[in-house]
Amino acid sequence: MEQILVGFGGLLVAATAMPILRRQSWWIRVFDFPRLQIAVGLLLVVVLHGALVEHSPLAHSFRALLVACLGLQVWRMLPFTRLARRQVQDSAADPAASHDGIRLLFANVLQTNRNARDLLAVLRDADPDVILALETDAWWEHELRGLKATHPHTVLLPQDNTYGMLLYSRLELVEPEVSFLIQPDVPSIHTRVRLSSGQQIALHCLHPRPPSPTESDSSRQRDAELLMVGRSVKKQPGPVIVMGDLNDVAWSHTSELFRDVSGLLDPRIGRGFFNTFNAKHWLVRFPLDHFFHSNDFRLVRFCRLRYFGSDHFPVYIHLSHEPEAAAVQAEQTADAGEQKEASKKIEAATKR
């Protein structure tokens, strides 16, 4: 039993150490994801080792190492629990009376999923102003065509490579653009949305390719796309929202770097994980689907919606644009080291 515990514990220590290297190889970056699962494993090994293994200086040192790794995992996840201070304040405005609110919903539909009926039911119940559907091919575009009756402003990019995007809005889209920032088959949508009050919001819809053995051998392209958008956002005046399946967990170094470079806030901080993937496996779920926004918004509602057959849960947010919030919600900032790191990542992915 001691050998089993030491072997399993050693693997968990290695899994904890891998992300510290900050290398972009997929087999290193993948250990950013299961921090909760690794933490539970570490706790289990510490308890069993303490109960079953004879006490000795070596045993105490091993358990101390496990506890240190457990502390690191908890420290990385702690901001995304209710024990942390909320980065985004709740709005006190009346949502029904406000003309400066916006409700957004997006769902990675899983291209091979054919349960459009349940997704449409989710959309009807949530009644968002803006809908983004990801992994959408021509079949999904056909099945969602009825949304045009209620959400007539659209940007439709069906693709059969799991990177299709369909954007529907009942609010006017101003000068929408489609960009292929890093890879020629991975689009992103960039537009302004005009609220009922006339206020315009810059909206960026993303779905970068993940680091995985079946998709990309490193996180280079994903990281660069996020940071390119982050730098662009920082230069934009006015309110901004970034949303999409970013194929990265909320607590990763890349997500933290994106927040600092862009200056955007994360409504998850201080509220919870809101795990969205994998919807089919409750033991292995991670927060991959994100909303980020500028500090002139407060939060009305943020939630994960019900299962509809995809491997992702849909996510919904209702934001209230309140310019006075910027005075009390600190904008994220990147130091010189982070700016240099962002430049290197972008350069590595864009050089020919």
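The coordinates are above.
Quick caveat, the model's predicted, so the values are computed rather than measured. Note on numbering: residues in each chain are counted from 1, in written sequence order. pLDDT decides what is reported in this predicted model: residues at 70 or higher carry local features, side-chain atom pairs at 80 or more are listed and counted, and totals for whole chains, interfaces and linings draw on all residues regardless. Note that the side-chain values use all heavy atoms of the structure and ignore hydrogens as well as water.

Colleague: Tell me about the pattern of salt bridges, and name the residues and values.
Modeller: Salt bridge criterion: a side-chain nitrogen from Lys or Arg within 4 Å of a carboxyl oxygen from Asp or Glu. If you walk through the whole model with that rule in mind, you get 21 salt bridges. Between R271 and D90 there is a salt bridge, and its shortest N-O distance comes to 2.7 Å. Residue R271 is found in the loop between helix 8 (253-262) and strand 9 (289-293), and its partner D90 is found in the loop between helix 4 (57-77) and strand 1 (101-108); the two are separated by 181 residues along the sequence. Accessibility here uses a 1.4 Å probe with only protein chains present; expressed as a share of the type maximum, an area under 20% marks a residue as buried, one over 50% as exposed, and anything in between as partly exposed. Relative accessible area serves as the criterion here: at 42%, D90 is assigned to the partly exposed category. Residue D127 is joined to R170 by a salt bridge in which the shortest nitrogen-to-oxygen separation is 2.7 Å. Of this pair, D127 sits in the loop between helix 5 (116-126) and strand 2 (130-134) while R170 sits in the loop between strand 4 (165-169) and strand 5 (172-179), and the two are 43 residues apart along the sequence. By relative accessible area, R170 is classed as partly exposed at 28%. Where salt bridges share partners, they join R103, D127, D129 and R170 into one cluster. Numbering of helices and strands runs from the N terminus; a helix is a DSSP stretch of H or I covering at least four residues, while a strand is a stretch of E covering at least two.

Colleague: Run through the packing of aromatic side chains, naming residues and quoting values.
Modeller: Only rings of Phe, Tyr and Trp enter the pairing, Trp through its six-membered ring, and a pair is recorded when the two centres are within 6.5 Å. The plane angle decides the type: under 30 degrees is stacked, over 60 is edge-to-face, the rest tilted. Scanning all chains against the criterion turns up nine aromatic pairs. With centroids separated by 6.4 Å and ring planes inclined at 70 degrees, the aromatic side chains of F80 and W251 adopt a geometry described as edge-to-face. One end of the pair, F80, is in the loop between helix 4 and strand 1; the other, W251, is in the loop between strand 8 (240-245) and helix 8, and 171 residues separate them in sequence. We note that F80, like W251, is buried. Here the aromatic rings of F106 and F291 are separated by 5.3 Å at their centres, their planes lie at 65 degrees, and the arrangement is edge-to-face. Here F291 lies in strand 9 and F106 lies in strand 1, a separation of 185 residues in the sequence.

Colleague: Go over the sheet that holds strand 3 (residues 153-157) with me, naming the residues and quoting the values.
Modeller: Two strands make a pair as long as DSSP finds a minimum of two bridges between them. On the basis of which strands lie adjacent, the open sheet formed by six strands has the order 3-4-2-1-11-10 and mixed pairing. Every other strand in the sheet has two partners, leaving strand 3 and strand 10 (297-304) as the edge strands with one partner each. The mean inter-strand angle of the sheet, taken between neighbouring strand axes irrespective of direction, is 10 degrees. Sheet topology places strand 2 next to strand 4; five bridges connect them, and they run antiparallel. What sits directly across from L132, in strand 4, is L167. Each axis is a line fitted through C-alpha atoms, taken for helices only over the stretch in contact, and angles between the N-to-C directions span 0 to 180 degrees.

Colleague: Can you tell me about the nonpolar core, naming the residues and giving the values?
Modeller: The biggest cluster of nonpolar side chains holds 29 residues, and the ones touching the most others in it are I102, L104, L167 and M243. Every residue pair with non-hydrogen atoms within 4.5 Å of one another is taken to be in contact. Apart from residues lying up to four places away in sequence, L167 is in contact with V130, I131, L132, H153, T154, V155, L156, L173, I189, T191, C205 and M243. Working definition of a nonpolar core: buried Ala, Val, Leu, Ile, Met, Phe, Trp, Tyr and Cys residues. They are joined through side-chain atoms within 4.5 Å. Membership of the second largest hydrophobic core comes to 22 residues, among which are A15, F33, V249 and F273.

Colleague: Explain the packing of helix 7 (residues 220-235) against helix 9 (residues 336-350) to me, using residue names and the numbers behind them.
Modeller: Orientation of helix 7 relative to helix 9, taken along the N-to-C sense of each, is 125 degrees, at an axis distance of 8 Å. Here helix 9 runs oblique to helix 7, going by the angle between their axes. Our pair here, helix 7 against helix 9, has a crossing hand that is left-handed. Here R220, Q221, D223, A224, L227, M228 and R231 of helix 7 lie close against helix 9, whose contacting residues are Q339, A342, S343, K345, I346, A348, A349 and T350. We call two directions roughly parallel when the angle between them is under 35 degrees, roughly antiparallel when it is over 145, roughly perpendicular when it lies between 65 and 115, and oblique otherwise. Each helix crossing is assigned a hand: it is left-handed if the near helix lies turned anticlockwise from the far helix by less than a right angle, otherwise right-handed if that turn is clockwise.

Colleague: Any chance you could break down the packing of helix 8 against helix 9 for me, citing the residues and the numbers?
Modeller: Axis separation between helix 8 and helix 9 bottoms out at 10 Å; the angle between their running directions is 110 degrees. The orientation of helix 8 relative to helix 9 falls into the category roughly perpendicular. Handedness of the crossing formed by helix 8 with helix 9: left-handed. Between helix 8 and helix 9, the contacting residues are H253, L257, D260 and V261 on the first element and E338, E341, A342 and K345 on the second. All residues other than Ala, Val, Leu, Ile, Met, Phe, Trp, Tyr, Cys, Pro, Asp, Glu, Lys and Arg, Gly among them, are scored as polar; the first ten of these are nonpolar and the last four charged. Of the residues that constitute the contact of helix 8 with helix 9, the class distribution is three nonpolar, one polar and four charged.

Colleague: Mind laying out the state of the cysteines, listing which residues take part and the relevant values?
Modeller: Pairs of cysteine sulfur atoms within 2.5 Å are what we label disulfides. A complete count under the given rule lists zero disulfides for this structure. Counting only cysteine sulfurs, C303 is the nearest neighbor of C205, a cysteine outside any disulfide, at a range of 18 Å. The class for C303 is buried, based on a relative accessible area of 11%.

Colleague: Please give an account of the environment of V40 that cites residues and values.
Modeller: The topology assignment puts V40 in helix 3 (residues 35-52). The exposure class assigned to V40 is exposed, which follows from its relative accessible area of 51%. Along the sequence, V40 and Q73 sit 33 residues apart, while their C-alpha atoms lie 9.8 Å from each other.

Colleague: Break down the environment of A121 for me, with residues and values.
Modeller: With respect to the element layout, A121 can be found in helix 5. Residues A121 and F308 lie 187 residues apart in sequence; the distance between their C-alpha atoms is 9.0 Å.

Colleague: Could you give an account of the side chain of Q332, with specific residues and numbers?
Modeller: With respect to the element layout, Q332 can be found in the loop between strand 11 (315-321) and helix 9. A polar side-chain atom of Q332 sits 3.2 Å from a polar atom in the side chain of Q87. Setting aside residues no more than four positions away along its own chain, Q332 makes contact with Q87, K234, R259, D260, G263, L264 and L265. Pairs of N or O atoms within 3.5 Å make up the polar contacts considered here, provided that, within protein, one atom can donate a hydrogen while the other can accept it, and that residues adjacent in sequence are counted only when both atoms are side-chain atoms.

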